[in-house]
Amino acid sequence: MEVEGVPLDDKAKRMRDLLSSFYSPDPASFAPSLPPNTSSRFATLDTINTTSFDADQYMNLLVQKSNMEGLLHKHVEMAAEIKNLDTDLQMLVYENYNKFISATDTIKRMKNNIVGMESNMEQLLEKIMSVQSKSDGVNTSLFEKREHIEKLHRTRNLLRKVQFIYDLPTRLEKCIKSEAYADAVKFYIGAMPIFKGKIFSDSESIQARAEAVMLLKQLDFPVENLKVKLFEKLEQFLVDLHLESPSRGSISDSASASAHEASICEFAEAVRAYKVIFLHSEPQLSKLAQDLVTKHFDATHQQINKQVRSGDLLSILRIIWTDVLLMDKVLPEASLTDFALQSARVAVKDYISSVFKRLLLGVSDVLMKFQVTQKEGIEEDSSLQATLEASKEAVMQGSIDVLLEFRQLLEDNSELLLKLRDSTTDWVQEGFQDFFTKLCNYFLLLSGKSNAANRDLSFMEGIPGDKIVPALVLVLAQLSLFIEQKAIPRITEATSCFPGGGTRGFGYGPAFVPAEICRIFRTSGEMFLHIYIRMRTQKISVLLKKRFTSPNWVKHKEPREVHMFVDLLLQEFEEIRSEVKQILPQSLQRKHRRTDSNGSSSSSRSNPLRDDRLTRSNTQKARSQLLETHLAKLFKQKMEIFTKIENTQESVITTIVKLSLKSVQEFVRLHTFNRSGFQQIQLDIHFLKNTLKDISEDEAAVDFLLDEVIVGTAERCLDPSPLEPPVLNRLVQAKLAKNSDLSAVSS
Amino acid sequence: MQGGSTGVGYGLKYQARCISDVKADTDHTSFLTGTLSLKEENEVHLIRLSSGGTELICEGLFSHPNEIWDLASCPFDQRIFSTVFSSGETYGAAVWQIPELYGQLSSPQLESIASLDAHTCKIKCVLWWPTGRHDKLISIDEQNLFLWSLDTSKKTAQVQSQESAGMLHCLTSGAWDPHDFNTVSLTCESSVQLWDLRTMKKTGSIDQAHVRNVDYDMKRRYTLVTAEDESGIHVWDLRNLKFPVIDLPGHSHWAWTVKCNPEYDGLILSAGTDSAVNLWLASPGEDNSAPDSLVEPPTRRVEPLLNSYSDYDDSVYGLAWSSREPWIFASLSYDGRVVVESIKPHLPKK
């Protein structure tokens, strides 16, 4: 090994080098080797230990430099060296392996140790906890005692003071006897602040305060001076008393209820004490007690305004009544029960009226919603019906709910409400009477039948300034009918079993008169139907007026087609029909058929006469013509055009159609026509005759009116020669074809 | 045929629209009526109620050149009256005088006093000064209001002032306030307009559509009654034009004419196209209670309809109270039938 010239002093050094080479793969760090590119040019035999060792090059070098002997020697040397290295390597591997095993062992041991640690830690935590809780326990158990001790200490101090005060008279006496006046005055003055401080300190309860005053009084202290201040304090106490809190939906909250009870007890005690202390203080105390009751009821009114339910109201009243009874025991002079009864009357009355007001608002909301959606043009097929149902529901269910609330109020057995029962029944009845009257008035107002100036419906803010939609009037009509026929009997039934009542004087009768309400709603229901018809016919009248006033009828051109106003008219009828069909019931029997209508036969009888007259009118003399008309009228029965309107689809539609046709007749009579104008009307009416059959029930009356229109036009015509029937039919057919084309296109 | 037996009838030859009470005739209860026939010769009838009140006698029959759309008798001369007439397209208005000794002439002719020929569009009606002798006359056409000065002895009529109500308004009729001679009310398509004749300016209006006819209450000032196409009859207080004082149901169809009784307070007569004449009592002297009674449903009030005369075969357009016997009125239906009725059985007991 020394041959290579490598400084190898001893084995240890070599070992270290080997180890370091093993652990750090960078050869440059341990071998101060030559740069790799030099190996070829300055090749030495030392390169064997470098990384850039080239075996072939080394062999060539060796062969060139050495002789045989040298080579052999080198061979032996190398063989020995290789053997040496081998053992070194083996040792190294063994050593490393050993280390690895020991490391594994260590890890295994570590792992074992850690497994146990977790449970140990938990145990530790537990122990710490228990220590903590125990220390807490000690603390609390000691705290009570400490408190007690502190209290005892305070009491002792107090007792000492009291003792001093009790001893005061004797002590003063003693002092006076021994003529130690200075001491006496000192003692007396010393005692004064104790009481005064007690009386006016806010921390003391009023009960304690009362006791203090009592003591002062025993001292013959001029307590009257304190009276004003004391009463101020008492008033303050009342102000601080939070009466609102127990009623705010937390009736079940026993904690606040008991707190309330306690404070009332305290108040009662204070009042009792003051009554003893201060002479002639009853009026003032009464006033305070009444203030308490007033405050209670103020709070109640607030609750009522917040739409409290009757159950809640009951519990509020119950609390008030207990308080009142308590106070009454202490202070009978205040006659608190009467006072409370009065206030309760007002409160219950208020409650009832507020409930009814809400009911009314509920109904009006439903109706207003419809009005708004209609105004905004939101079209829903079922909306009319839905509104009717919703408003029915609002009235019916609302009334039932209200009744349930009141029933709860009436069935309560507390003393206060028992006393009020009779009046309550009356108020509920009055309320219903008032509610329905107001509802009816509201309907009237909505329908525009009356004006707001005359109404006491100031609470209604949603009164539309603009015109109401006709459909809503129809809803009102139906709703009135519903109220009359369903709602009122139901409510009557429900109210009749109310207990008590009848405290109203004789001659007044019961407050709620279902028959009267029914009558009111029946008449207004009929009226709404009339208003609906009126609104509709008004619209049609405008249409007709435009039609008849705009053209110059004397210079009318020959009719070429059915005028478009007919379309508009039919469209109007169709709209009405769709509205009416949604909510009005169908008539049970189909009336006014040709067979049983008394007017129809006469009308048909007069027809030939009329037609006859029309054709001959040019040639015949006027006198005979008029005579003929009169004769015809004599023979036929008077046509009953304006029949009573019934609450059915057919009746309403037919009435509107009849009224519209009558309007046409009246318009026609106001104008003068030339032949073409007359023919135009004839054509339009002829077309209507065919189409109106489908719309109207009372065919006879409609036919009669249509004939009247033609007769009326003929009378106002300078040259009434009618269109030939074939021409008429052709034009009508053309119009029908056009219409069906249009409907086909639109659908 | 309700109330059919009480009426006294009289038949005209042709159809007719207008009838007027002859106010200036203090000796008899008489009416003037004119026919409306497009093709025949029209007539003016002077009818007198017999002293027994059981018969209507034709006092005079005069031919009139055109069909008569409006007729008004002069309040101070029983022989003078005005007509509004038309023939085909042309309209005119004239003041006529019944010839003296007309009963002795075989075919008396009306003497024309004046022709109100300043109009350019369809004339609607002529109004006389409400009471007493006065030369003022108002004529209304579709757009204008004319105030005439009439001299009956010189037979002249001059336009004193004229004002246009505007193209859009389309006036239909009017009434002269008997309490304030400076005010007339005119009906137009969408409202009732109040005009001051001194300034010829509009002073106010009632927004009520489709008013056919207006009439002032002779007894109560500031009270105006209107008749509308669909909405029935309304009573207004001219000091509050926003809302009507009373809302009467009116007729089954249009209410055409409305006339206040010249003597009895609150008695209103209305004629409608449903062939009926209705007699109303609009709660006289209860102006204050009227709003209260509205709070109650209408049925709660005393039924305002005193009687409905339905014995007519056609629409009733003409209506006139007799100023001499204020419990008598004459009605005229389109078929030319004059019916004079007494309302005495229906007067409320006082």
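All values derive from a computational prediction rather than experimental measurement. (Residues numbered from 1 in each chain as written. Chains lettered and ligands numbered in written order. Predicted model: local features only at pLDDT ≥ 70, side-chain atom pairs only at ≥ 80, totals over all residues. Heavy atoms only, no water.)

## A word on the overall build of chain A
Point 1. Along its length, chain A carries 23 helices and zero strands.
Point 2. For chain A, buried positions account for 42% of its 747 residues.
Point 3. For chain A, long-range pairs separated by at least 24 residues make up 80% of all intrachain contacts whose partners lie at least 6 apart in sequence.
Point 4. Accessible surface, chain A as shown: approximately 41200 Å² in total, 57% of it carbon and sulfur. (Helix = DSSP H or I, 4+ residues; strand = E, 2+ residues; numbered from the N terminus. Buried < 20%, exposed > 50% of the residue type's maximum accessible area, 1.4 Å probe, protein only. Contact = heavy atoms within 4.5 Å. Areas by Shrake-Rupley, 256 points an atom, 1.4 Å probe, with all protein chains shown as cover.)

## Overview of the overall build of chain B
Point 1. Of the regular secondary structure elements, chain B holds one helix and 28 strands.
Point 2. When each of the 350 residues of chain B is scored for burial, the buried share is 60%.
Point 3. Counting every atom, chain B has about 13600 Å² of accessible surface; 47% of that belongs to carbon and sulfur.

## A closer look at the nonpolar core
Point 1. If you look at the biggest cluster of nonpolar residues, it comprises 151 residues, and the most contacted ones within it are A:Phe436, A:Leu439, A:Phe443, A:Ile483 and A:Phe573.
Point 2. With 17 residues, the next largest nonpolar core counts B:Phe76, B:Val84, B:Ile123 and B:Val126 among its residues. (Core = buried A, V, L, I, M, F, W, Y, C linked by side-chain atoms within 4.5 Å.)

## So, the pattern of salt bridges
All names here are of chain A.
Point 1. Inspection of every chain in the model, using the stated rule, returns 28 salt bridges over all chains.
Point 2. A salt bridge links lysine 735 to aspartate 567; the shortest N-O distance between them is 2.6 Å. Taken together, the residues lysine 735 in helix H23 (residues 725–746) and aspartate 567 in helix H17 (residues 564–583) connect sequence positions 168 residues apart.
Point 3. Under the relative-accessibility criterion, aspartate 567 is labelled partly exposed at 25%.
Point 4. Put simply, glutamate 666 and lysine 662 hold a salt bridge, and the shortest N to O gap is 3.6 Å. Of the two residues, glutamate 666 and lysine 662 both sit in helix H20 (residues 649–669), four residues apart, roughly one turn of that helix.
Point 5. Since its relative accessible area comes to 4%, lysine 662 is described here as buried.
Point 6. One network of salt bridges, with partners in common, ties together Arg536, Lys539, Glu572, Glu575 and Glu579. (Salt bridge = Lys/Arg side-chain N within 4 Å of Asp/Glu carboxyl O.)

## Digging into a nonpolar patch on the surface
Point 1. Together, A:Ile114, A:Met117, A:Met121, A:Leu124 and A:Ile128 give the surface a local cluster of nonpolar side chains, amounting to about 510 Å² of exposed area.
Point 2. Structurally, A:Met121 is set in helix H4 (residues 68–177). (Patch = residues over 30% accessible without salt bridge, like charges linked within 9 Å, V, L, I, M, F, W, Y side chains within 5 Å.)

## Examining the confidence of the model for chain B
Point 1. Here chain B shows a mean pLDDT of 83. Residues at 70 or above account for 90%.
Point 2. As a predicted assembly, this complex carries a pTM of 0.68 together with an ipTM value of 0.87. (pLDDT = per-residue confidence, 0-100.)

## Observations regarding the UniProt feature "coiled-coil region" (unreviewed entry) in chain A
Point 1. Those places that UniProt annotates as "coiled-coil region" (unreviewed entry) correspond, in this numbering, to residues 107–134 of chain A.
Point 2. Here residues 107–134 of chain A runs as 100% helix and 0% strand, with 41 Å between its end C-alpha atoms. (UniProt positions renumbered as here; feature names shortened; annotations may be inferred.)

## Looking at the UniProt feature "repeat: WD" (unreviewed entry) in chain B
Point 1. When the UniProt feature table is mapped onto this chain numbering, "repeat: WD" (unreviewed entry) sits at residues 248–280 of chain B.
Point 2. This span, residues 248–280 of chain B, is 0% helix and 55% strand, and a straight line between its end C-alpha atoms measures 8 Å.

## Focus on the sheet that holds strand S9 (residues 111–115) of chain B
Residue and element names in this part refer to chain B.
Point 1. Across the sheet, four strands lie side by side as S6-S7-S8-S9; this open sheet has antiparallel pairing. In this open sheet, the two strands that pair with only one neighbour each are strand S6 (67–73) and S9. Sheet twist, expressed as the average angle between the axes of neighbouring strands with direction ignored, equals 30 degrees.
Point 2. In the sheet, strand S8 (residues 90–97) pairs with S9 via four bridges, with the strands oriented antiparallel. The residue of S9 that forms the bridge with glutamine 97 is glutamate 111. (Pairing = 2+ DSSP bridges. Axes fitted to C-alpha atoms, helices over the stretch in contact; angles between N-to-C directions.)

## What to know about the sheet that holds strand S5 (residues 56–64) of chain B
Residue and element names in this part refer to chain B.
Point 1. Here four strands make up an open sheet; going across it, the order is S2-S3-S4-S5 and the pairing antiparallel. Strands at the two margins of the open sheet, each flanked by one partner only, are strand S2 (16–21) and S5. Averaged over all neighbouring strand pairs, the angle between strand axes comes to 20 degrees, with direction disregarded.
Point 2. Of the pairings in the sheet, the one linking strand S4 (residues 42–49) to S5 comprises eight bridges and is antiparallel in character. When the sheet's bridge partners are listed, leucine 49 is paired in S5 with leucine 56.

## Concerning the environment of B:Leu36
Point 1. Mapped onto the secondary structure, B:Leu36 falls in the loop between strand S3 (30–35) and S4.
Point 2. By relative accessible area, B:Leu36 is classed as buried at 2%.
Point 3. Distance from B:Leu36 to B:Asp335, taken between C-alpha atoms, is 9.8 Å for residues 299 residues apart in sequence.
Point 4. Aside from chain neighbours lying at most four places away, what touches B:Leu36 is A:Arg716, B:Gln15, B:Ala16, B:Arg17, B:Asn42, B:Glu67, B:Ile68, B:Trp69 and B:Tyr334.

## A closer look at the environment of B:Trp321
Residues and elements named next belong to chain B.
Point 1. Tracing the chain through its elements places tryptophan 321 in strand S26 (residues 316–321).
Point 2. For tryptophan 321, a relative accessible area of 6% puts it in the buried group.
Point 3. Distance from tryptophan 321 to glutamate 263, taken between C-alpha atoms, is 9.7 Å for residues 58 residues apart in sequence.
Point 4. With sequence-adjacent residues up to four places away left out, tryptophan 321 is seen in contact with Asp21, Phe31, Lys259, Cys260, Asn261, Pro262, Leu269, Leu279, Pro326, Ile328, Phe329 and Ile343.
Point 5. Of the polar contacts made by the side chain of tryptophan 321, one reaches the backbone oxygen of lysine 259; its length is 3.1 Å.
Point 6. Among the polar contacts made by the side chain of tryptophan 321, one reaches the main-chain carbonyl oxygen of cysteine 260 at a distance of 3.4 Å. (Polar contact = N/O pair within 3.5 Å; in protein donor to acceptor, adjacent residues only side chain to side chain.)

## Quick word on the packing of helix H15 (residues 470–496) of chain A against H17(A)
Angle between the axes and distance between the axes: these two values describe a pair of packed helices.
All names here are of chain A.
Point 1. One can describe the packing of H15 onto H17 by two numbers: an axis separation of 10 Å at closest approach and a directional angle of 25 degrees. The angle between H15 and H17 places the two elements in the roughly parallel class. For the element pair H15 and H17, the recorded crossing hand is right-handed. For the pair H15 and H17, the contacting residues are Ala471, Leu474, Val475 and Gln478 in the first and Glu579, Val580 and Ile583 in the second.
Point 2. Partitioned by chemical class, the residues of the contact of H15 with H17 number five nonpolar, one polar and one charged. (Parallel < 35°, antiparallel > 145°, perpendicular 65-115°, else oblique. Left-handed = near helix turned anticlockwise from the far one by under 90°. Nonpolar A, V, L, I, M, F, W, Y, C, P; charged D, E, K, R; others polar.)

## Quick look at the pairing of strand S19 (residues 223–228) of chain B
Sheet faces and side chains relate simply in a regular strand, where the side chains alternate between the two faces.
Residues and elements named next belong to chain B.
Point 1. Among the six residues in S19, six count as buried, and that is most of the element.
Point 2. Going residue by residue along S19, you find Thr223, Val225 and Ala227 tucked away on one face and Leu224, Thr226 and Glu228 tucked away on the opposite face as well.
Point 3. Connecting strand S18 (residues 211–216) to the next strand, S19, in antiparallel fashion are six residues, including tyrosine 222 with a positive phi near 65 degrees.
Point 4. Here S19 pairs with strand S20 (residues 233–237) via five bridges, running antiparallel.

## Observations regarding the state of the cysteines
Point 1. Under the counting rule described, the total for this entry stands at zero disulfides over all chains.
Point 2. Lacking any disulfide linkage, B:Cys188 is separated from the closest cysteine sulfur, that of B:Cys170, by 8.3 Å. (Disulfide = S-S within 2.5 Å.)

## Some remarks on the packing of aromatic side chains
Point 1. Following the criterion strictly, the structure yields 24 aromatic pairs over all chains and no others.
Point 2. Measuring from centroid to centroid gives 5.6 Å for A:Phe356 and A:Phe406, while their planes differ by 45 degrees, and the two rings are tilted. In this pair, A:Phe356 is assigned in helix H12 (residues 336–375) and A:Phe406 in helix H13 (residues 383–411), connecting sequence segments 50 residues apart.
Point 3. Of the residues examined, A:Phe356 reaches a relative accessible area of 6% and is grouped as buried.
Point 4. For A:Phe406, a relative accessible area of 0% puts it in the buried group.
Point 5. Ring geometry for B:Trp129 versus B:Trp176: centroids 5.1 Å apart, planes at 75 degrees, classification edge-to-face. In this pair, B:Trp129 is assigned in the loop between strand S10 (123–128) and strand S11 (136–141) and B:Trp176 in strand S14 (residues 173–176), connecting sequence segments 47 residues apart.
Point 6. Clustering of aromatic rings is evident, with ring pairs tying together A:Tyr351, A:Phe356, A:Phe406, A:Phe432, A:Phe435, A:Phe436, A:Tyr442, A:Phe443, A:Phe521 and A:Phe528. (Phe/Tyr/Trp six-rings, centres within 6.5 Å; stacked < 30°, edge-to-face > 60°.)

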